[in-house]
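As a plain string of letters, each chain reads:
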Amino acid sequence: MSQTTAVPSPVGTTSQESPKTGGLLLATILVGQFLAILNVNIVNVATPTIESDLHSSGAGLQMIIAGYTIVYAVLLITGARIGDLFGYRRAFLGGLAAFTVTTLAAGLAPTTGWLVAARLLQGAGAAMMMPQVLTLIQRNFQGAARGRAIGLWSLMISGGIVAGQALGGILLGLGLGWRVVFLVVVPVALLLLVAGARLLPADHGGGRGGLDPLGLVTLSAAVLLFVVPLVLGRDLGWPLWGWISMGLSVVMFAVFVRVERWVTGRGGRPLVDARVLRAPGMRPGLAVLLFGPATWGAFLFTSALHLQGDLHMTPLASGMMLVPCALTFGLVGLAWPRLPLRLQRPLVPFGYVLAAPAYIGLGLAAGGGFLYALMGALVGAGLGVQVAVTNMATEQVDGAYAADASGALLTVMQIGQVIGVAAIGTLFISLDAASSSTASMTTAAAMAALAVLAGLSSLFLVRRPKPIPS
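Keep in mind it's a predicted model, so treat the numbers as computed, not measured.

Procedures and definitions
Residues numbered from 1 in each chain as written. Predicted model: local features only at pLDDT ≥ 70, side-chain atom pairs only at ≥ 80, totals over all residues. Heavy atoms only, no water. Helix = DSSP H or I, 4+ residues; strand = E, 2+ residues; numbered from the N terminus. Rg over C-alpha atoms; globule rule 2.2 N^0.38 Å. Contact = heavy atoms within 4.5 Å. Areas by Shrake-Rupley, 256 points an atom, 1.4 Å probe, with all protein chains shown as cover. Phe/Tyr/Trp six-rings, centres within 6.5 Å; stacked < 30°, edge-to-face > 60°. Buried < 20%, exposed > 50% of the residue type's maximum accessible area, 1.4 Å probe, protein only. 1 Å grid on protein atoms, 1.4 Å probe; cavity = no way out; pocket = protein on both sides within 12 Å on 5 of 7 lines; lining within 4 Å. Points joined across faces, edges and corners; volume = space filled by probe spheres on them. Nonpolar A, V, L, I, M, F, W, Y, C, P; charged D, E, K, R; others polar.

### Notes on the overall build of the protein
Step number 1: Secondary structure assignment for the protein yields 19 helices and 0 strands.
Step number 2: Relative to the globule expectation of 23 Å for 470 residues, the C-alpha radius of gyration of the protein, 21 Å, shows essentially globular dimensions.
Step number 3: With the C-alpha coordinates aligned to their principal axes, the bounding extent of the protein is approximately 60 × 50 × 45 Å.
Step number 4: In the protein, 85% of the contacts between residues at least 6 apart in sequence involve partners at least 24 apart.
Step number 5: Carbon together with sulfur atoms contributes 71% to the accessible area of the protein, which is approximately 18,500 Å² in total.

Below, the structure is given as structure tokens:
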């Protein structure tokens, strides 16, 4: 591995851990991540019964669904910094405890307002918990073990999405009501809290500098101004305030950059250290992890609309149709670290090259059936290289800056998904009213274009970085 003066090679290994201990650590944090991802998608299936039981307005339903995503996206980098300051174990368990309590509160909610508040607080708990997962992987696993860990991390993401939809369909199909989609998570989360307290390694975080309040305020404002109109704009008809908000977000991102330079110049610890962004692979990796999740999020969203709306499938049947895609996505992620080193980097652009025509195939196979599932499996196989992207983007980031890298990567991935769902989801809905086949083909072409952009960006990532002279 190349050594640079700006970003030293990673620290934090598993040398003091047995394979069994490392496996239990990984299982604990990945199950926590799975629960957070599951919670987003299992609720989507329950919205009609929530509306009927709580007499929720359209705005209330929007906030039940979107509130979690908005708070989660805004607070991810804050959650990463909290782990860096106070310890990753403490932050993970604290976030998991908050997530567990608020999930119980959501399941017991007597009113729409109560449920919205619980969902907002759930998002905050998830935002504290989730960055610690990737940070702990970076700090405790190296080499092939790290690649496998990131592969499982990615599998939990894709699996949580599909499992949420399928499990929600099963529970509602049994007539158990919407509350059970929240309450079923609580016992698992409680067991995980007990296991985490025993298994997660004690640490004190990075402990470098403070919380950078100016950076937190400006970045949170920038993300909030950008994400809120994207999440709510489609259902509100893209009002003028939304476009103004997104324009202001660009201004706030520029202000954030200036603030971070000022903090650095005064010898303080910026929220996102520039040395992280100068690490070989980090900037092109961020570009790939913007476009890749955008096309992935758009695919999962529009597929659910098409399968349930146009083809009249149940949520369970719709979820089962996406299982081949989730499986190939996860299997590619797990297989990638086992490939010969000479093949690992070149295969990343090839993955997106495979995904682009597979999207077109999905548009042609819009009637469903075996061919649709097959094309979905090819999409999943192509996008499964995002595991390799995550690994390459962070492989030369000093372990002391793992939290900065985790927060930046997760925030960009979340923003990418929101952009994909908002832009291509809106395109699909606007065309679907007139012709479902036109909507399917047009959005398939748009998703293929995003995959091509991800592939082109990955060309800059897979070039082996040259050492920077001392």
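### Some thoughts on the packing of aromatic side chains
Step number 1: Per the counting criterion, the structure on display carries 6 aromatic pairs.
Step number 2: Relative to Trp243, the ring of Trp238 has its centre 5.8 Å away and its plane inclined at 40°; by these criteria the two rings are tilted.
Step number 3: When its relative accessible area of 23% is taken as the criterion, Trp238 is described as partly exposed.
Step number 4: With a centroid separation of 6.3 Å and 40° between ring planes, the pair formed by Trp296 and Phe299 is classed as tilted. Remark: Phe299 and Trp296 occur in helix α11 (residues 282-310); sequence separation between them is 3 residues, near one turn of the helix. Note on accessibility: Trp296 and Phe299 belong to one class, buried.
Step number 5: Following the ring pairs from residue to residue traces out a cluster consisting of Trp296, Phe299, Phe329 and Tyr359.

### With respect to the layout of surface pockets
Step number 1: Taken as a whole, the largest pocket spans an internal volume of roughly 1,500 Å³.
Step number 2: Surrounding the largest pocket, 45 residues form its lining, Asn41, Asn44, Ile65, Phe301 and Val421 being those nearest its centre.
Step number 3: Broken down by secondary-structure element, the contributors of at least two residues to the lining of the largest pocket are α1 (19-54), α2 (58-86), α4 (112-140), α5 (143-173), α8 (213-236), α11 and α18 (402-432).
Step number 4: Examining the composition of the lining of the largest pocket, we find that 9 residues originate from one element, α1, more than from any other.
Step number 5: A class-by-class count of the residues in the lining of the largest pocket yields 31 nonpolar, 12 polar and 2 charged.
Step number 6: There is about 660 Å³ of room inside the second largest pocket.
Step number 7: The element best represented in the lining of the second largest pocket is helix α9 (residues 240-265), accounting for 6 residues.
Step number 8: Its residues assigned to classes, the lining of the second largest pocket shows 15 nonpolar, 2 polar and 4 charged.

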